[in-house]
Amino acid sequence: MTSTDAELRSDFLNTMHARGYVHQCTAPTGLDPALMDGVVPAYIGFDCTADSLHVGSLVQIMMLRWLQKTGHKPIVLLGGGTTRIGDPSGRDASRQLLTDADIQRNMDGIRQVFEKFLTFGDGPTDAIMVNNADWLDGLAYIPFLREVGRHFSVNRMLSFDSVKLRLDREQPLTFLEFNYMILQGYDFLELSRRVGCRLQMGGSDQWGNIVNGVELTRRIDQREVYGLTSPLITLANGQKMGKTAQGAVWLNADRLSVYDYWQFWRNTADADVGRFLRLFTELPLDEIAELEKLEGQDLNAAKKRLADAATAMAHGEAAAAAAAETARRAFEEGDSAEGLPTLTITAAEAAEGASVIDLMIAAGMAKSRGEARKLIRGGGVRVADEKVSDEAMSLAADSFGQGPVKLSVGKKRHVLVHAGD
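Described in the following lines is the structure provided in the data block. All figures in this text were calculated on a predicted structure; none of them were measured in a lab.

## Brief notes about helix α1 (residues 11-19)
Stage number 1. Residues of α1 that are buried include every one of Phe12, Leu13, Thr15, Met16 and Arg19, and no others. Here the buried residues of α1 occupy an arc of 160° about the axis, which is enough to place them on one side.
Stage number 2. Looking at the buried residues of α1, the elements they touch are α2 (28-37), α3 (58-69), β5 (199-203), β6 (226-230), α13 (273-280) and α14 (285-292).
Stage number 3. In the stretch just after α1, Gly20 is the one whose phi turns positive, near 90°.

Following this line, the structure appears as structure tokens:
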């Protein structure tokens, strides 16, 4: 069930609707007054399947950020326990089981993301970070089944998309994964008890899991809590948000350079610019409305504004400005543009002659040798700003006599190739 903007009084829900974050809400007529009455603690869970989050999680991160900016308390739940099982939502196959060491390493990397977006501390609206392993690891199986399991209907669980889609495709769903939604529902109950959590948020694929937690908390503790989901964000071409031909758009700089992050936003399709400005920046809506009016080449100014604002939020103002200046020099002045993404080859590789095609694949500029050859034949590959016409071209040791060599594909994809010692 959803609610219209005209019916809302709370700053948070008004912001969520105005900027396009709302897909479904369990009880907006109850949540809105709760948000007006005082500080509402709310959480989103993030399983630790990698050592960074990517922009596919950025809508949820921004929801927590706006929650805090409108006077409420964000709770970041890291799934140290649930990651051991793996969320079946949107999956055709079971996730790879990770070791405890893998999960801990991933948790450490994910923590770095949130430090850029939220203010943590002990105050009433300061964010906190919790780990569901703190309560899940110590559960006794039989008592848990008696207290919690009896509130879950298998008939209903089979109707949820996370289960139904897997079964419809005749893909196996393990009993381990089938337990995931019970554990996620229990997370909400525990957070309600431990820190007074009133709201769980997440992507639209989490609706069933969120509803389970709302109903479980109401049945066991007779406490009214709420659920809110965001729509699935796709690009104008239908591609899933957070993925590119070169791989995931990571939020940690050690996984993706600040320059590449800036370029991702700068390369936003015309049709996505206004929507992404509302979702992924804090620019005022009236300013965004003016930027949306731009057309043709003028729309590039809006894309740069998006790239600057989104990058500053994730990596800081100075890093965003440096990335923008690197791009300006690369595209407007055509210089060597220090600060571009780098690829380092060994001195031995340089001595043997590093194939341009191999370098393109290593840099993520082509997925295969066939694709690299096609790009060269199409005239889209340049070395040191000179077009490559020979598919067998290699960079030898003397190619690096003046320092790194810029390898380019098209007008917007560049990498500096260094030869190591």
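Moving on from the coordinates now.
## So, unusual backbone geometry
Stage number 1. You will see that Gln222, though not glycine, has its phi angle at about 50°, which is positive.
Stage number 2. By secondary structure assignment, the location of Gln222 is in the loop between α11 (207-221) and β6.
Stage number 3. Since its relative accessible area comes to 62%, Gln222 is described here as exposed.

## Quick word on the pattern of salt bridges
Stage number 1. Within the structure shown, the criterion is met by 21 salt bridges.
Stage number 2. A salt bridge links Arg193 to Glu147, with the nearest nitrogen and oxygen atoms 3.3 Å apart. Of the two residues, Arg193 is situated in helix α10 (residues 180-195) and Glu147 in helix α6 (residues 141-147); the sequence distance between them amounts to 46 residues.
Stage number 3. Arg193 sits in the partly exposed class, given a relative accessible area of 39%.
Stage number 4. Its salt-bridge partner being Arg219, residue Glu215 comes within 3.8 Å of it at the nearest N-O pair. With Glu215 and Arg219 both in helix α11, this residue pair falls four residues apart, about one helical turn.
Stage number 5. We classify Arg219 as partly exposed; its relative accessible area is 44%.

## Description of the side chain of Asp47
Stage number 1. Along the chain, Asp47 turns up in strand β2 (residues 41-47).
Stage number 2. On the basis of relative accessible area, Asp47 is assigned to the buried category, the value being 19%.
Stage number 3. Looking at Asp47, its side chain comes within polar contact range of the side chain of Thr82, at 2.8 Å.
Stage number 4. A distance of 2.7 Å separates polar atoms of two side chains, one belonging to Asp47 and the other to Tyr180.

## Overview of the environment of Met393
Stage number 1. Secondary-structure assignment places Met393 in the loop between β12 (386-387) and β13 (394-395).
Stage number 2. According to the relative accessible area criterion, Met393 is partly exposed, its value standing at 26%.
Stage number 3. It is 9.9 Å that separates the C-alpha atoms of Met393 and Val383, two residues lying 10 residues apart in sequence.
Stage number 4. Beyond its immediate sequence surroundings of up to four residues, Met393 is in contact with Ala354, Ser355, Val356, Val383 and Val388.

## With respect to the sheet that holds β12
Stage number 1. Across the sheet, which stays open at both edges, the five strands sit in the order β9-β15-β14-β11-β12 with mixed pairing between neighbours. In this open sheet, the two strands that pair with only one neighbour each are β9 (342-345) and β12.
Stage number 2. Note: β9 against strand β15 (residues 413-419), four bridges, orientation parallel. In the sheet register, Leu343 faces β15, and the bridge partner there is Val417.

The rules behind the values
- Residues numbered from 1 in each chain as written.
- Predicted model: local features only at pLDDT ≥ 70, side-chain atom pairs only at ≥ 80, totals over all residues.
- Heavy atoms only, no water.
- Buried < 20%, exposed > 50% of the residue type's maximum accessible area, 1.4 Å probe, protein only.
- Helix = DSSP H or I, 4+ residues; strand = E, 2+ residues; numbered from the N terminus.
- Arc of directions from axis to C-beta.
- Contact = heavy atoms within 4.5 Å.
- Salt bridge = Lys/Arg side-chain N within 4 Å of Asp/Glu carboxyl O.
- Polar contact = N/O pair within 3.5 Å; in protein donor to acceptor, adjacent residues only side chain to side chain.
- Pairing = 2+ DSSP bridges.

In short, the description is geometric, and any link to function would need to be established separately.
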